[in-house]
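The lines below spell out each chain.
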Amino acid sequence: MAGDRKVELGEALALGPGWRHACHALLYAPDPRKLFGRIPLRFAVLMQMRFDGRLGFPGGFVDAQDSTLEDGLNRELREELGEAVSVFRVERSDYRSSHLAARPRVVAHFYAKRLTLEQLQAVEARAPQAKDHGLEVLGLVRVPLYILRDGEGGLPAFLDNAFIGAAREQLLEALQDLELLDPGTIAKLKIPASK
Ligand code: APR
Ligand code: MG
């Protein structure tokens, strides 16, 4: 939720056993194409429609069987996205932030991983064969990174959807910090500078 507190990874890892850890990842790839032949797509950025009707990122709870956060994340990615994820691994170097939610006590770690467009398209193509497809994952979506002439269509309208947990904030920070948006779009969105 928007009121969740952001914490450093060290503080998050020192939380007691009363806290469950979850990890989610934004997968993205450069996409050189233009919508309608004139609007640059810039990047393909993946999110998913979740079982609860909210948009979020693939990933989930880290279990006792996982020896590291990233082992849990990569296992969840395989369950939710299928076999095409096995050609890459999301690593600690892809880590971006952690958010605490009080009820229930969950600390959500967020990662972003740059793929080639071919790798990302393979993820999309194989996702309907994933174990969780049609159950916890209702489908993948790409995030529109442009603003249409009416000033609402594209990213502003996308951001009006319902998001799970910190997903909306994670998305906006990643789009800004990884320079996935052009400066004109950032200016029109009036995104506050990330902390
Ligand atoms: N930011 C912050 N918190 C998030 C985010 C996010 N972007 N995405 C999910 N969460 C929270 C969820 O609200 C949930 O509490 O992290 C927790 C785990 O994430 P999920 O992806 O929902 O978990 P997953 O292991 O994939 O599967 C859902 O959880 O409650 C059970 O029975 C339910 O089996 C289901 C499972
Ligand atoms: Mg999940």
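Throughout this description, residue numbers start from 1 for each chain and increase along the sequence as written. A letter from A marks each chain and a number from 1 marks each ligand, given out in the order of writing. Confidence filtering applies because this is a predicted model: local features only for residues at pLDDT of at least 70, side-chain atom pairs given and counted only at 80 or more, and all residues used for totals across whole chains, interfaces and linings. To get the side-chain values, take all heavy atoms of the structure and skip hydrogens and water.

**With respect to the overall build of the protein**
Rule in force here: Counting from the N terminus, the helices are DSSP H or I runs at least four residues long and the strands are E runs at least two residues long. In this treatment the radius of gyration is a C-alpha quantity, and the globule benchmark scales as 2.2 Å times the residue count to the 0.38 power. Note on classification: 1.4 Å probe, protein chains only; a residue is buried when its accessible area is under 20% of the maximum for its type, exposed when over 50%, partly exposed between these limits. Contacts between residues were defined by any pair of non-hydrogen atoms, one from each residue, lying within 4.5 Å. Under the convention used here, a 1.4 Å probe and the Shrake-Rupley method define accessible areas, while residue burial counts only the protein chains that appear.
Within the protein, the regular secondary structure consists of six helices and eight strands. Taken from the N to the C terminus, the helices and strands of the protein come in the order β-α-β-β-β-β-α-β-β-α-β-α-α-α. Computed over its C-alpha atoms, the radius of gyration of the protein comes to 16 Å, within 12% of the 16 Å expected for a compact globule of 195 residues. Along the first, second and third principal axes, the C-alpha set of the protein runs to 50 × 35 × 30 Å. When burial is assessed residue by residue, the protein has 50% of its 195 residues classed as buried. By sequence separation, contacts in the protein at least 24 residues apart represent 63% of the contacts at least 6 residues apart. Only carbon and sulfur atoms are counted for the fraction: they give 53% of the accessible area of the protein, which is about 10,100 Å².

**Some words on the site of ligand 1**
What counts here: We call a residue near a molecule or strand when any one of its heavy atoms sits within 4 Å of it. Under the rule applied, a polar contact is a pair of N or O atoms within 3.5 Å (in protein, one hydrogen donor and one hydrogen acceptor; residues adjacent in sequence only if both atoms are side-chain atoms). Amino acid classes used here: Ala, Val, Leu, Ile, Met, Phe, Trp, Tyr, Cys and Pro are nonpolar; Asp, Glu, Lys and Arg are charged; the rest, including Gly, are polar.
Residues in close proximity to ligand 1 total 16 residues, the closest being H24, G59, F61, E80 and Q170. H24 is positioned with one of its side-chain polar atoms (N or O) 2.9 Å from an oxygen atom of ligand 1. Between ligand 1 and the protein, one listed contact pairs an oxygen atom with a side-chain N or O atom of E80 at 2.9 Å. Within the complex, the protein chains bury 72% of what would otherwise be the 690 Å² of accessible surface of ligand 1. Only β2 (20–35), β5 (59–61), α2 (69–81), β7 (106–114) and α5 (167–177) provide two or more residues apiece to the shell around ligand 1. Considering every element that reaches the shell around ligand 1, the biggest residue donor is β5, with three residues. Counted by class, the shell around ligand 1 contains seven nonpolar, five polar and four charged residues.

**What about the coordination of the magnesium ion (ligand 2)?**
Selection rule: Atoms are scored as donors when they are N, O or S and lie within 2.8 Å of the metal, with 3.2 Å used for Na, K and Ca; no water is included, so coordination may look incomplete.
Protein coordination at the magnesium ion (ligand 2) comes from G59 (O) and E80 (OE), with a distance range of 2.2 Å. With G59 in strand β5 and E80 in helix α2, the pair connects residues that are 21 residues apart, well separated along the chain. Note on G59: relative accessible area 6%, which makes it buried. Residue classification places E80 among the buried positions, given a relative accessible area of 5%.

**Examining the nonpolar core**
Put simply, the rule reads: By convention a nonpolar core is built from buried Ala, Val, Leu, Ile, Met, Phe, Trp, Tyr and Cys residues, the set being connected through side-chain atoms within 4.5 Å.
In this structure, L26, V45, M47 and L171 are the most contacted members of the largest nonpolar core, which totals 24 residues. Those elements giving two or more residues to this core turn out to be β2, β3 (39–50), β7, α4 (155–159) and α5. With five residues, α5 is the single largest residue contributor to this core. Once residues lying within four places of it in the same chain are set aside, the contact partners of L171 are L26, V45, M47, F57, V143, F158, L159 and F163.

**Quick word on the packing of aromatic side chains**
How we decide: Only centres within 6.5 Å qualify two rings of Phe, Tyr or Trp (six-membered ring in Trp) as a pair; their planes then separate them into stacked at under 30 degrees, edge-to-face at over 60, and tilted for everything else.
Tallied over the entire structure, the rule returns four aromatic pairs. With a centroid separation of 5.7 Å and an interplanar angle of 80°, the aromatic rings of Y95 and Y111 are classed as edge-to-face. On the criterion of sequence distance, the pair formed by Y95 in strand β6 (residues 95–101) and Y111 in strand β7 is long-range, its members being 16 residues apart. Residue class for Y111 comes out buried when judged on its relative accessible area of 0%.

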